[in-house]
Amino acid sequence: MDRNDSRNFFQMVENHRSDLRQWLSWVDDVTCVEDIAKRYIHCSTSKSEGKSLRFFILHQEVIIGMLAAKRIDWELNLAELSYSLDPNFRGRGIITQACKKIISYFESSFGIVNFEIRTAIGNQASERIAENLGFDFIKIQERAEKLHGDWVDHKIYANKRQ
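Go over unusual backbone geometry, please, and point to the residues and values.
For residues besides glycine, phi is generally negative; the peptide bonds are generally trans as well. Backbone geometry at Q60 places phi at a positive 50°, although glycine is not the residue there. In this model, H148 sits at a positive phi of 55°, which is unusual for a non-glycine residue. Here H148 is to be found in the loop between β5 (136-147) and β6 (150-158).

Structure (structure tokens):
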């Protein structure tokens, strides 16, 4: 990620802050371009430790979102998928297609075949993505995340194959 990428991603967040913060706890921590750069350093450390990989989603060479495989468990061949997308591009299947590509990449490159998506209760768009990917609803995890001071429960979806 270079300075221009940081600026572009920050601008996307800034333009859609109220919408993105509904489901993304980190949005409130991003108040300037430097916050994006610091966040990327943390993500890079996690990448170098083999815990996550993050990818930008581009449209006409402009960043419109991010897709991550995080909490990678190499022994269980498991990764959690998470994503954010510019609201102007939602409803077009972009995240579903990006998830299919990252799943294929992880299967062929690393042998990771089990994936989870965790959605806050009420995040119907993310639930639809998991369902469109053929993931099964597994369980509800209570008090899974603190979102803007309140605990929220998560629905956990998985495609577990092995």
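Report on the nonpolar core, specifying residues and quantitative values.
Grouped together as the largest cluster of nonpolar side chains are 25 residues, with contacts concentrated most on L81, F106, F115, I117 and F135. Of all the elements in the fold, those that place two or more residues in this core are β1 (53-59), β2 (62-73), β3 (78-85), α4 (94-110), β4 (114-120) and α5 (124-132). At six residues, α4 tops the list of elements feeding residues into this core. In contact with L81, not counting residues within four places along its chain, are A68, A69, C99, I102, I103, F115, E116, I117 and F135. Grouped together as the second largest cluster of nonpolar side chains are 13 residues, F9, V13, L20 and V30 included.

How would you sum up the pairing of β1? Please name residues and give values.
Side-chain positions along a regular strand alternate between the two faces of the sheet. Pairing geometry for β1 and β2, over seven bridges, is antiparallel. Bridge pairing in β2 places F55 opposite L67.

Before we move on, can you summarise a nonpolar patch on the surface with the specific residues and values?
A contiguous nonpolar patch, built from F55, W74, Y105 and F110 and spanning about 370 Å² of accessible area, is present on the exposed surface. What makes F110 partly exposed here is its relative accessible area of 33%.

Can you tell me about α5, naming the residues and giving the values?
Among all positions in α5, only S126, E127, I129 and A130 are buried. Along the axis of α5, the buried positions cluster into a sector of 155°, meaning they face one direction only. Opposite the buried face of α5, at more than 90 degrees from it, the exposed residues are Q124 and N132. Structurally, α5 contributes buried residues whose contacts are with β3, α4, β4 and β6. Directly beyond the C-terminal end of α5, a positive phi value near 85° is found at G134.

I'd like a description of the side chain of T119, backed by residues and values.
Within the secondary structure layout, T119 lies in strand β4. Since its relative accessible area comes to 1%, T119 is described here as buried. In contact with T119, other than residues within four places in its own chain, are S126, E127, D153, H154, K155 and Y157.

Let's hear about the pattern of salt bridges: which residues, and what values?
Per the stated rule, a full pass over the model turns up seven salt bridges. The closest approach of N and O atoms between E80 and R71, which form a salt bridge, is 2.9 Å. Under the relative-accessibility criterion, R71 is labelled exposed at 54%. Between R118 and E116 there is a salt bridge, and its shortest N-O distance comes to 2.9 Å. For R118, a relative accessible area of 25% corresponds to the partly exposed category. The buried category is assigned to E116, whose relative accessible area is 9%. Overlapping salt bridges, with partners in common, bring together R71, E80, E116 and R118 in one network.

The rules behind the values
- All chains use their own residue numbering, which begins from 1 and follows the written sequence.
- In view of the model being predicted, local features appear only for residues whose pLDDT reaches at least 70, and side-chain atom pairs are presented and counted only at 80 or more, with totals across whole chains, interfaces and linings using the full set of residues.
- Here the side-chain values reflect all heavy atoms present in the structure, with hydrogen atoms and water set aside.
- Helix and strand assignments come from DSSP, with helices taken as H or I runs of at least 4 residues and strands as E runs of at least 2, each series counted from the N terminus.
- Definition of nonpolar core: a set of buried residues of the types Ala, Val, Leu, Ile, Met, Phe, Trp, Tyr and Cys, connected through side-chain atoms within 4.5 Å.
- The rule is simple: take the accessible area with a 1.4 Å probe, protein chains only, and divide by the maximum for that residue type; under 20% is buried, over 50% is exposed, in between is partly exposed.
- The contact rule is simple, with two residues in contact once any of their heavy atoms fall within 4.5 Å.
- Strand pairing is defined by DSSP finding a minimum of two bridges between the two strands.
- Distance thresholds for patches are 9 Å for like charges and 5 Å for nonpolar side chains (Val, Leu, Ile, Met, Phe, Trp, Tyr), applied to residues having over 30% relative accessible area and no salt bridge.
- In this description, accessible areas are obtained by the Shrake-Rupley approach with a 1.4 Å probe, and a residue is regarded as covered only by the protein chains that are shown.
- Salt bridges are identified by distance alone: a Lys or Arg side-chain nitrogen within 4 Å of an Asp or Glu carboxyl oxygen.
- Think of the arc as the fan of directions from the helix axis to the C-beta atoms.

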